[in-house]
Amino acid sequence: MIKQITSQFKDARHLVKWLAISILVGFLVGSAVAWFLMGLEWAGNFRDNRMWILWLLPLGGLAIGLTYHYLGQNVVKGNNQLLDEIIQPKKIIPLRMAPLVALGTIATHLFGGSAGREGTGVQMGGAIADQFSQVFKLDKDERRILIIAGIAAGFSAVFGTPLAGAVFALEVYIIGRVQYQAILPAFLSAIIANQVCVQWKYPMVVTHTHYLHPEALVLSPSTLFYTFVVAILFGWTAMLFSKANHFWSDLFSKKISYPPLRPFIGGIILAISFWLLAQSSIDFTKYVGLGVPIIEGSFTKQMMPYDFALKLLFTSFTLGAGFKGGEVTPLFFIGATLGSALSCIVPLPIALLTAIGFVGVFSGATNTPIACTLMGIELFGAQIGIYLGLSCVVAYIFSGHSSIYSSQILHHVKTPSLKDDQDKTLGDKDK
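Residues numbered from 1 in each chain as written. Predicted model: local features only at pLDDT ≥ 70, side-chain atom pairs only at ≥ 80, totals over all residues. Heavy atoms only, no water.

1. Some remarks on the packing of aromatic side chains
Alright, step 1. Enumeration according to the criterion identifies 25 aromatic pairs in this entry.
Alright, step 2. Their ring planes at 80 degrees and their centres at 4.9 Å tell us that Trp 248 and Phe 317 sit as a pair that is edge-to-face. Placement of Trp 248 in helix H11 (residues 221-255) and of Phe 317 in helix H14 (residues 307-320) is noted, with a sequence separation of 69 residues between them.
Alright, step 3. Classification of Trp 248 as buried rests on a relative accessible area of 18%.
Alright, step 4. By relative accessible area, Phe 317 is classed as buried at 8%.
Alright, step 5. Measuring from ring centre to ring centre gives 4.0 Å for Phe 332 and Phe 358, while their planes differ by 15 degrees; the resulting arrangement is stacked. Residue Phe 332 is located in helix H15 (residues 328-342), and its partner Phe 358 is located in helix H16 (residues 350-366); the two are separated by 26 residues in the primary sequence. Across the pair, Phe 358 and Phe 332 agree in class, each one buried.
Alright, step 6. Among the aromatic residues, ring-to-ring pairing joins Phe 155, Phe 159, Phe 168, Tyr 211, Phe 299, Phe 332, Phe 358, Phe 362, Phe 380 and Tyr 405 into one connected group.
Alright, step 7. Looking at Arg 50, its charged tip hangs above the ring of Phe 46, at a distance of 4.1 Å from the centre. (Phe/Tyr/Trp six-rings, centres within 6.5 Å; stacked < 30°, edge-to-face > 60°. Helix = DSSP H or I, 4+ residues; strand = E, 2+ residues; numbered from the N terminus. Buried < 20%, exposed > 50% of the residue type's maximum accessible area, 1.4 Å probe, protein only. Lys NZ or Arg CZ within 6 Å of the ring centre and 35° of its normal.)

Pasting the structure below:
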């Protein structure tokens, strides 16, 4: 025991180095995300008060497309580029990824695109963190840890969920394996980034959404059975979202050779689609931007059965066309509204169904059931932890080997029937 304690003191230099790196990454990423969230808040408020701006979606898309085509071709892969560098480190992620994705996402939301913010926070975190690889003279293995810490910081700061952010970064790039060698930097960076982010008060206060906490429900065979059944639906929905993402992306890539025209044409189609919905008396404004008010309303009001489907369609199309943003908040919307709609036939409380749908679809689409369970506990409370965990695990299994991240590596198959997919990237499988 004394020998072990002595050896730990010898590792103090290593721990001090990563403590310093984690503080630096957490502070810089938390600050960058705070400014991004403020910009996103401004864009959402401006759009909501001037809905005519949706007609400028094609021009906004063209601006985003031209910017990335001429300034950001080396960062256009986004989240998948981060995963590629973790799996096979080659070269430092250009710092320009951070401002380009932030501005592109703000523009997407300003003009009414249906997208999220997680991808932006993660890309900003990974790009900022990777700049210190040369400063601290890190080898390939240490560089992997650094990028993971940046991802954890970005995710945590965006959603205000440090535990989920840390585990998401450890869990996301290889299905079936958690990267414990990066556990300390990931947790430290996530915690610090979240604390730094919420300290920013100027030019506006940075706040995270606080959702309703469903009341505890007594465990019984029937409640577990219904949770299991709806979780299967959440998994299938996650699979559909992932497939739709890849479908639209491949379609635009094949049909339109000049990249800047993809979001331009996509913007025209989106604007026309919103107009058609308005003519049919459907409130299309629910499906633009993040849709957080709809998510919040799902906990107390039964949503329409088509809400989740339309959000799935608009988000996958928006991102597939080349607009910028994340997938996670739209996944929250899809899962929450689906769970809420199911309350008309499933004898579980509407708030509980909304909460387990919120995290279940997210789990199935990202293949991160542990992180999603922790996120659910951080957002909705531990009193429904068992239901959250069951939903995330079952949805993860029933989503198959699909993923919104095409560079994600499959290390362990989920079920025996999918054994032929082992040791493939999900991008290879989808193609």
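Text resumes after the structure shown.
2. With respect to the state of the cysteines
Alright, step 1. Taken as a whole, this structure holds zero disulfides when the rule is applied.
Alright, step 2. Free of any disulfide, Cys 392 has its nearest neighbouring cysteine sulfur in Cys 372, separated by 5.1 Å.
Alright, step 3. Judged by its relative accessible area of 0%, Cys 392 falls in the buried class. (Disulfide = S-S within 2.5 Å.)

3. Points about the layout of surface pockets
Rolled over the atoms, a probe as big as a water molecule pinpoints where empty space is left.
Alright, step 1. Of the voids in this model, the second largest pocket is the one considered here, and its volume is about 650 Å³.
Alright, step 2. For the second largest pocket, the lining is made up of 27 residues, of which Glu 41, Arg 117, Leu 290, Val 292 and Pro 293 are closest to its centre.
Alright, step 3. By residue class, the composition of the lining of the second largest pocket is 13 nonpolar, nine polar and five charged. (1 Å grid on protein atoms, 1.4 Å probe; cavity = no way out; pocket = protein on both sides within 12 Å on 5 of 7 lines; lining within 4 Å. Points joined across faces, edges and corners; volume = space filled by probe spheres on them. Nonpolar A, V, L, I, M, F, W, Y, C, P; charged D, E, K, R; others polar.)

4. Some remarks on the nonpolar core
Alright, step 1. Phe 168, Phe 358, Phe 362 and Phe 380 are the most contacted members of the largest nonpolar core, which totals 123 residues.
Alright, step 2. Apart from residues lying up to four places away in sequence, Phe 358 is in contact with Tyr 211, Ile 295, Leu 331, Phe 332, Gly 335, Ala 336, Leu 379 and Phe 380. (Core = buried A, V, L, I, M, F, W, Y, C linked by side-chain atoms within 4.5 Å. Contact = heavy atoms within 4.5 Å.)

Nothing here speaks to function; it is geometry throughout.
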